[in-house]
Protein chains: 2
Amino acid sequence: MADNVVVAGVGMTRFGKYLERGVRSLAEEAVGDALKDAGLEAKDVQTAYFANAVSGLITGQEMIRGQAALRNTGLLGIPIFNVENACASAASAFHLAWMAVASGQYDVALAVGAEKLFHEDKTRAFRAIGTAVDLESLQELKKRMAETQSKDAPTGDQKSGENRSFFMDIYASMTREYMKQSGATADDFADVAVKNHDHGALNPRAQYRNRCTREEVLASREISPPLTLMMCSPIGDGAAAAILCSNKAATRLGVRKPIVVQASVLVSGRDRKQDEPGAAERAAKRAYEVAGIGPEDVNVIEVHDAAAPAELMVYEDIGLCKRGEGPALLRTGKTKLGGKHVVNPSGGLLAKGHPIGATGIAQIVEICEQLRGTAGERQVSGARVGMTENGGGFLGRDAAAMSVHIFGA
Amino acid sequence: MADNVVVAGVGMTRFGKYLERGVRSLAEEAVGDALKDAGLEAKDVQTAYFANAVSGLITGQEMIRGQAALRNTGLLGIPIFNVENACASAASAFHLAWMAVASGQYDVALAVGAEKLFHEDKTRAFRAIGTAVDLESLQELKKRMAETQSKDAPTGDQKSGENRSFFMDIYASMTREYMKQSGATADDFADVAVKNHDHGALNPRAQYRNRCTREEVLASREISPPLTLMMCSPIGDGAAAAILCSNKAATRLGVRKPIVVQASVLVSGRDRKQDEPGAAERAAKRAYEVAGIGPEDVNVIEVHDAAAPAELMVYEDIGLCKRGEGPALLRTGKTKLGGKHVVNPSGGLLAKGHPIGATGIAQIVEICEQLRGTAGERQVSGARVGMTENGGGFLGRDAAAMSVHIFGA
């Protein structure tokens, strides 16, 4: 079953600030582009999985978000499922669409993620993002975070919902632990942001297309030490979509540039001890097994750099280097355009943007374009195997949901 | 693929008012009961689908509701998906769990739905339920509803969010159309409530166990004409769970009383014209095809009587009688305990209760117990084939999501 499903077409909006557009408008653009890219029509799609994380708290639309968003696309009538897994909502929707096709139940499935975070009341987005943790154990989490604060790294007032998300306090806490284990410094995290902004400058659909320097990143507003504003993914709006189909259907429907799904893996996190493998490591290991490859075979990777240090941690989780060697790998330049394992050529969440429920599929859009060789100025030369890593939420020290996909040209 | 999946075990809380318990506590009870019923342990479960509709708006927990609710069950680590489809959320979760097993990807899957609607601030529940419609087209809907109001049936102030849900205004509008088509009267709707309360009185897990008379139903508080309070499903809390596994795994794991899933169908609604088939009719037709049976073969059925008139409409949608003959079928007594096609032996949503995200699986719990012959005082004699119909949300004049399942002993 591992390789009988292909991505037939992909589409996405530019990520950014769309105060005048709603989730429906963004979703329509992405779905329309994906259908056009696949050379298919709405009537060819047999089932749809819709990812969104915060509409309930931002716009009030809960319960049937996908049906509402897709109302004018010609897709209504088919099975539609609303899927949520925090920042991994879109990869979850993609995984379920993959399963629908892999199972033999459906020939053609749509996965779409759409999100609007910008609202006149900016605090709504920060508060909404804060629900990606288990609220019942928030108190316990705050206590642990207070314990890991070093004397020389004041962390502000730990309040969220004003001009930043509590979520970044969690990343900051994990980052301080990671600095102890790896020797990573704020300079390293700034360098991740510099690299991803360099990539984003080449991506017409990135929210930020400005290059920046280490000094600028370090000098930007403090969010939660050691994180500065430019080390954190921005608030943004956008949508991304992918059409999946069976190999047979791809031939029958004349799909021109199918990309093979070599592995589609999703796991949930656990209340783990510090020395137990996290969700990303477990998901990546399983994905490599299913695809029958190893990290050395992967040319291009989109990872979940919601905060810059996370990219270095993921290098280690997915086996690009050993534990503690993330900063050293970054310094070799191997993860920059022109390197052996290019990470986040799209600009990543830091520069391309992070409309939560769209991100996981936007990563897949980038990988499909890279494997087709149509990524323009940011093309990874000779890319044959690509990978995405999309995590969502926190449970203790683990991600709540984690998805890893591997694709082949 | 149609019949290689069985329900290995089911469990549910009593539905009711649990001000002192959260979603987690309710989910834990249902999951624990389902595992015990199946003779399995948490470690046997390979993937889980969690249904919930309103936690985001009632408690603030969005994004990772299932991981938060299942945190102490020993299930974390496996793939967990948060699924939402308004009042059909639980059937959607069950369908995806079925697909996970039917696909051959997993041997054992959990579907669980849990909901808390009661809150110190009662208006929260009413407002939350109101999000099961496409908010962008709410204005259009209100206009159409105003047009279908008859002079002699004042509909109140059309305000919601105070002591009732706007949702019941939609049901009332549909009911007025149905009365014209079928000749149904308020007496008929009251009789549905009387029947389902008679059934609920025999169900230890029903929220309401009181019998009632037609006169009492008609005299209860007006909600939205012709609907009175006792014709509307109540606000309630609860959880329901089902363990699904492959036939092979059922044998290997020693499952004692497997119930065969003969058909698992979900569709979305459409912006249909009045004479086009609705989502329930389409889903039922497909389910009969897959199961290779017809309505005459079904002994026991749980339908989505969120408002009493809906039960009569569904009689017609699922082919128990012809169009317009719902009221006549009710009067024959065939849908009451002792009849040929017993509908809502559990008490239905009207008497058993309707904690939104739990309902679809609670229906399946009832059917499994009926087919095993363990339904006690409310046992349908000789039940061999059972069916569930679970609808969610509104899109124009259609349900937004609709699921029909058929089960065999």
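Residues numbered from 1 in each chain as written. Chains lettered and ligands numbered in written order. Predicted model: local features only at pLDDT ≥ 70, side-chain atom pairs only at ≥ 80, totals over all residues. Heavy atoms only, no water.

A look at the overall build of chain A
Step number 1: Scanning chain A for helices and strands turns up 15 helices and 12 strands.
Step number 2: In terms of overall size, chain A behaves like a compact globule, its C-alpha atoms giving a radius of gyration of 20 Å where 409 residues would be expected to give roughly 22 Å.
Step number 3: A principal-axis box enclosing the C-alpha atoms of chain A has dimensions of 65 × 45 × 40 Å.
Step number 4: Expressed as a percentage of the 409 residues in chain A, the buried residues total 69%.
Step number 5: Sequence separation of 24 or more characterises 77% of the internal contacts of chain A that already satisfy a separation of 6 or more.
Step number 6: Charge centroids of chain A, computed over 47 positive and 49 negative side chains, lie 2 Å from each other. (Helix = DSSP H or I, 4+ residues; strand = E, 2+ residues; numbered from the N terminus. Rg over C-alpha atoms; globule rule 2.2 N^0.38 Å. Buried < 20%, exposed > 50% of the residue type's maximum accessible area, 1.4 Å probe, protein only. Contact = heavy atoms within 4.5 Å. Lys, Arg positive; Asp, Glu negative; His and termini not counted. Charge placed at Lys NZ, Arg CZ, Asp CG, Glu CD.)

Some thoughts on the environment of P309(B)
Residues and elements named next belong to chain B.
Step number 1: For P309, the location among the structural elements is in helix α12 (residues 308–317).
Step number 2: Considering only alpha carbons, one finds P309 and E147, 162 residues apart in sequence, at a separation of 20 Å.
Step number 3: Residues contacting P309, with those up to four places away along its chain left out, are T175, F189 and L227.

Concerning the side chain of H405(A)
All names here are of chain A.
Step number 1: Relative to the elements of secondary structure, H405 occurs in strand β12 (residues 398–408).
Step number 2: Owing to a relative accessible area of 0%, H405 belongs among the buried residues under this scheme.
Step number 3: Here the side chain of H405 touches S264 through a polar contact of 2.7 Å, side chain to side chain.
Step number 4: Engagement of the side chain of H405 in a polar contact is seen with the side chain of S403, the distance being 3.3 Å.
Step number 5: Beyond its immediate chain neighbours, meaning those up to four positions away, H405 contacts A91, F94, H95, V261, A263, S264, I364, G386, M387 and T388. (Polar contact = N/O pair within 3.5 Å; in protein donor to acceptor, adjacent residues only side chain to side chain.)

A closer look at helix α7 (residues 166–182) of chain A
Residue and element names in this part refer to chain A.
Step number 1: Compared with an ideal rise of 1.5 Å per residue, which puts 17 residues at 24 Å, α7 spans 25 Å between its outermost C-alpha atoms and is within 8% of the ideal.
Step number 2: Counting buried residues along α7, 13 of its 17 residues qualify, which places the element largely inside the surrounding structure.
Step number 3: A positive backbone phi angle near 75 degrees is found at G183, which sits one or two residues after α7. (Expected span 1.5 Å × (residues − 1).)

Comments concerning the relation of the copies chain A and chain B
Step number 1: Overlaying chain A on chain B yields an RMSD of 0.0 Å, the required transformation being a rotation through 180 degrees with an accompanying axial translation of 0.0 Å. These values place the two chain copies in the arrangement generated by a two-fold rotation axis. Looking at the rotation axis and the C-alpha trace of chain A, the residue lying nearest is S103(A), at 2.1 Å.
Step number 2: An overlap of 100% is found between the interface residues of chain A and their copies at the interface of chain B, pointing to a shared contact surface. (Least-squares fit on C-alpha atoms with pLDDT ≥ 70 in both.)

Details of the interface of chain A and chain B
Step number 1: Between chain A and chain B, the residue contacts involve 61 residues of the former and 61 residues of the latter.
Step number 2: Interface area for chain A against chain B, summed over the two sides, is near 4,800 Å², with a carbon-plus-sulfur share of 54%.
Step number 3: Of all residues in chain A, M63(A), R71(A) and M99(A) give up the largest surface area on contact with chain B, accounting jointly for 17% of the area buried on that side.
Step number 4: Summed over the shared surface of chain A and chain B, the number is 10 salt bridges.
Step number 5: Here E84(A) makes a salt bridge to R65(B), at a shortest N to O gap of 3.1 Å.
Step number 6: Viewed at the interface, chain B and chain A are joined by 38 residue pairs in polar contact (both at pLDDT 80 or more).
Step number 7: Residue assignment for the side of chain A that touches chain B shows that the elements contributing at least two residues are α2 (55–58), α3 (65–69), β3 (80–84), α4 (89–102), α5 (123–129), β8 (259–268), β11 (385–395) and β12 of chain A.
Step number 8: Looking at the side of chain A that touches chain B element by element, the count peaks at 6 residues for α4(A).
Step number 9: The class makeup of the residues in the side of chain A that touches chain B is 32 nonpolar, 18 polar and 11 charged.
Step number 10: As paired elements, β3(A) and strand β3 (residues 80–84) of chain B share 3 bridges and run antiparallel to each other. (Buried area = accessible area lost by both parts, 1.4 Å probe. Salt bridge = Lys/Arg side-chain N within 4 Å of Asp/Glu carboxyl O. Nonpolar A, V, L, I, M, F, W, Y, C, P; charged D, E, K, R; others polar. Pairing = 2+ DSSP bridges.)

Remarks on the environment of N344(A)
Residue and element names in this part refer to chain A.
Step number 1: Inspection of the secondary structure puts N344 in the loop between β10 (342–343) and α14 (348–351).
Step number 2: Given the relative accessible area of 0%, N344 is considered buried.
Step number 3: Put simply, N344 and D191 are 153 residues apart on the chain and 13 Å apart in space, counted from C-alpha to C-alpha.
Step number 4: If we skip the residues at most four places from it in the chain, N344 touches K195, N196, H199, I301, E302, V303, D305 and E311.
Step number 5: Within polar-contact distance, the side chain of N344 engages the side chain of E311 at 2.9 Å.

Notes on the packing of aromatic side chains
Residue and element names in this part refer to chain A.
Step number 1: Following the criterion strictly, the structure yields 10 aromatic pairs over all chains and no others.
Step number 2: Centroid distance F167 to Y171: 6.0 Å. Interplanar angle 75 degrees. Geometry classified as edge-to-face. Taken together, the residues span about one helical turn, with F167 and Y171 both in helix α7 at a distance of 4 residues. Accessibility assignment for this pair places F167 and Y171 in one class, buried. (Phe/Tyr/Trp six-rings, centres within 6.5 Å; stacked < 30°, edge-to-face > 60°.)

Thoughts on the environment of L266(A)
Step number 1: Here L266(A) shows up in strand β8.
Step number 2: Sequence separation between L266(A) and A91(A) is 175 residues; the distance between their C-alpha atoms is 8.2 Å.
Step number 3: Those residues in contact with L266(A) that sit more than four places away from it in its chain are N85(A), S92(A), H95(A), M402(A), S403(A), P79(B), I80(B) and F81(B).

Observations concerning the pairing of strand β2 (residues 47–51) of chain A
Within a regular beta strand, the side chains point alternately toward one face of the sheet and then the other, so they alternate between its two faces.
Residues and elements named next belong to chain A.
Step number 1: With 5 of 5 residues buried, β2 is to be regarded as a mostly interior element.
Step number 2: Residues of β2 alternate between two faces, with T47, Y49 and A51 on one and A48 and F50 on the opposite face, all of them buried.
Step number 3: Alignment of β2 against strand β4 (residues 108–115), held across 5 bridges, turns out to be parallel. Residue A48 lies in a different strand from β4, and its bridge partner there is L110.
Step number 4: With 4 bridges connecting them, β2 and β3 associate as parallel partners. Its bridge partner being in β3, A48 is matched across the sheet by I80.

Quick notes on the packing of α4(A) against helix α4 (residues 89–102) of chain B
Step number 1: Running from amino to carboxyl end, α4(A) crosses α4(B) at an angle of 55 degrees, the nearest separation of the two axes being 9 Å. Taken as axis vectors, α4(A) and α4(B) run oblique relative to one another. In this structure, α4(A) meets α4(B) at a crossing whose hand is left-handed. Here α4(A) contributes L96(A), M99(A) and A100(A) to the contact with α4(B), which in turn contributes L96(B), M99(B) and A100(B).
Step number 2: Looking at the contact of α4(A) with α4(B), its residues break down into 6 nonpolar, no polar and no charged. (Axes fitted to C-alpha atoms, helices over the stretch in contact; angles between N-to-C directions. Parallel < 35°, antiparallel > 145°, perpendicular 65-115°, else oblique. Left-handed = near helix turned anticlockwise from the far one by under 90°.)

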